[in-house]
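Listed below are the residues making up each chain.
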Amino acid sequence: TAFDHAVIKSDYDYLTAGSSINVTAAGVSATGNAAELPEGTSWSVSDTSIATIDQNGVLTAKANGSVNVYLMLNGEAIAVKSIGVVNKAICKISSM
């Protein structure tokens, strides 16, 4: 099946600064079936002050905000996914 576009998947759409998640990409044909990704794809993010991504798809959050994760091919984005970096919820328990 011929490649038409890609989709980016992750277990979470939000993470906290200092944490990491794995991001994966899947190829899709024009008819919606699975297709192999083309050779030469690479990962990129819109703002490296918020998060970084390595070429294995490990996204590491650095600071609060929103970042777009791109799957690139020949200098063009063939897929994009937005990931939010948020504060850890802090729960304070006091004894009475």
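In the block above lies the structure referred to throughout.
These remarks concern the structure in this document. Just so you know, these numbers come straight off a predicted model, no measurement behind them.

The next thing to look at is the overall build of the chain. On a plain count of helices and strands, the chain comes out with zero helices and nine strands. Helices (α) and strands (β) of the chain occur, in sequence order from the N terminus, as β-β-β-β-β-β-β-β-β. Compactness check: the chain gives a C-alpha radius of gyration of 16 Å against a globular reference of 12 Å for 96 residues, more than 25% above the reference. Over its C-alpha atoms, taken along the principal directions, the chain stretches across nearly 65 × 25 × 20 Å. The contacts of the chain with a sequence gap of at least 6 include a subset with a gap of at least 24, amounting to 51%. Surface summary for the chain: the accessible area is close to 6200 Å², and the carbon and sulfur share equals 49%.

What follows deals with the nonpolar core. The biggest cluster of nonpolar side chains holds 18 residues, and the ones touching the most others in it are Ile8, Val23, Trp43, Ile53, Leu59, Val69 and Ile83. Elements that contribute at least two residues to this core include exactly strand 1 (5-10), strand 3 (20-28), strand 5 (42-45), strand 6 (51-53), strand 7 (58-61), strand 8 (65-73) and strand 9 (76-86).

So, on to the pairing of strand 9. Two strands pair when backbone bridges link them, and strand 2 (residues 14-16) and strand 9 are joined in this way by three bridges, in the parallel orientation. Counterpart to Leu15 in the pairing with strand 9 is Val85. Relative to strand 9, strand 8 runs antiparallel, the two being bridged by nine bridges. Within strand 9, the residue paired with Tyr70 across the bridge is Val80. Taken together, strand 8 and the strand that follows it, strand 9, pair antiparallel across an intervening segment of two residues, in which Asn74 is found at a positive phi of about 55°.

Parameters and conventions
Residues numbered from 1 in each chain as written. Predicted model: local features only at pLDDT ≥ 70, side-chain atom pairs only at ≥ 80, totals over all residues. Heavy atoms only, no water. Helix = DSSP H or I, 4+ residues; strand = E, 2+ residues; numbered from the N terminus. Rg over C-alpha atoms; globule rule 2.2 N^0.38 Å. Contact = heavy atoms within 4.5 Å. Areas by Shrake-Rupley, 256 points an atom, 1.4 Å probe, with all protein chains shown as cover. Core = buried A, V, L, I, M, F, W, Y, C linked by side-chain atoms within 4.5 Å. Buried < 20%, exposed > 50% of the residue type's maximum accessible area, 1.4 Å probe, protein only. Pairing = 2+ DSSP bridges.

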